[in-house]
Amino acid sequence: MPKLSKRIKEPSILVKPVSQFGGLDNIHVALLVLVVILILTIVAISSHTHITLVNVTQGQNCSYGSINGTCATAVHNETQIKSYVERILASYANINGSLSILPFISNVSQINASFIPSLRQWYVSVPYTVPTTSNTYILSYMINDRNLNLSGSFVQNPPPPQISNNHVVTTGVIQLSQKTSCSINGIIPVYWFTDPYAPGALSSLVNETNLQKSFESKVNITLKVLFTQYSAAMASKYGINNTLNMQKYLLCGSLQKNFSKFVSALNSTNNGLYLPTAVLRDIALQSGLNMSSLDSCISNSQQAIDAQAVLAKYYNITSSSSVITDCQYLSVPQTARNAICYANKTLC
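All figures in this text were calculated on a predicted structure; none of them were measured in a lab.

Quick look at the overall build of the protein
Logical step 1: Scanning the protein from terminus to terminus reveals 11 helices and 15 strands.
Logical step 2: Relative to its full complement of 348 residues, the protein shows a buried share of 40%.
Logical step 3: For the protein, the accessible area works out to roughly 20600 Å², and carbon and sulfur atoms hold 55% of it.

Considerations on the sheet that holds strand E15 (residues 329–331)
Logical step 1: Strands sit in the order E10-E11-E15-E14-E12-E13 across an open sheet of six strands; the sheet is mixed. Single-partner strands in this sheet number two, and they are strand E10 (167–170) and strand E13 (219–225). Shown here is a sheet whose adjacent strand axes are inclined to one another by a mean of 30°, direction ignored.
Logical step 2: Direction of pairing for strand E12 (residues 188–194) relative to strand E14 (residues 322–325): antiparallel, over a ladder of four bridges. Looking at E14, one finds that Trp-192 is bridged to Val-323.

Details of the state of the cysteines
Every disulfide links exactly two cysteines, by a covalent bond between their sulfur atoms.
Logical step 1: Applying the stated criterion to the full structure yields three disulfides.
Logical step 2: Across the disulfide, Cys-252 is cross-linked to Cys-297 (sulfur-sulfur distance 2.1 Å). Across the S-S bond linking Cys-252 and Cys-297, the dihedral sits near -80°, which makes this disulfide left-handed. Remark: Cys-297 occurs in helix H9 (residues 291–299) and Cys-252 occurs in helix H6 (residues 240–253); sequence separation between them is 45 residues.
Logical step 3: Its relative accessible area of 2% is what places Cys-252 among the buried residues.

The rules behind these values
Residues numbered from 1 in each chain as written. Predicted model: local features only at pLDDT ≥ 70, side-chain atom pairs only at ≥ 80, totals over all residues. Heavy atoms only, no water. Helix = DSSP H or I, 4+ residues; strand = E, 2+ residues; numbered from the N terminus. Buried < 20%, exposed > 50% of the residue type's maximum accessible area, 1.4 Å probe, protein only. Areas by Shrake-Rupley, 256 points an atom, 1.4 Å probe, with all protein chains shown as cover. Pairing = 2+ DSSP bridges. Axes fitted to C-alpha atoms, helices over the stretch in contact; angles between N-to-C directions. Disulfide = S-S within 2.5 Å.

The analysis is restricted to geometry; functional conclusions fall outside its scope.
Here is the structure:
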């Protein structure tokens, strides 16, 4: 085995002690200085930090609990908060889309409002039931107590962009702002706005005729025809005059006593498709309508249709089918009975 001519020495680190620090080396002195600096920094921060403890308790004599032994107070009461939420719900009716049904399926009688003193906010929950599944869900909102504004929403459905002055007063019924009762001699007028080519329009008219039979002379239900996007789609294919024949037959047929038979026959025949004048006339004849009176009415019906379009604009009716009860309550056909009962509780 060959011998190495030179020894290989490993490098070594020489640490010289610092005598004035009790024999500590330079590295340890630096670490100690760093620790001292950190401690002084923590002390400085803690001396300038103020921590306020808020003790919120229920309190036997405090409506909204107490904060540090003093009763918490709210600018608005529970009734005012619920009324504001009723306005929020009513505002969904002005949204073009599926959210517009929310005011008519929300149960305002079960609105729950709780004040949170530490946040100066109200937490409000509203149950609503989906008609197709009967499943119940919750709409939740945060309301600012200081200025009575919507400050947050804990729902997938976004809040309406603008809050109207209308109110949801009972399940499925909106009270329209600045509208008053127009009942005459205790008889409640009901305006039934519908576009006959809209989905479910003709079946809703079956509900309309049944309601009229149920309340008899105490309620006066009148049909008001609409020309919405559904009729417009028909008009693009078959012409506006041909499309309007359905509106005219319904409007004039509603003035006769056998209108319920006419509606039932239409509902069983029509599935949203265009019906030629000859088919409409045959159904009217088979339903027992007075054809001479019907023809006379149809020939002069355009003026009435135009007037009903103005009435729909006055009530901001843009979708089919919508019901106005006693000139101040908006509902859908499925909740029209609720509106009648709310307008006059002695009828139900």
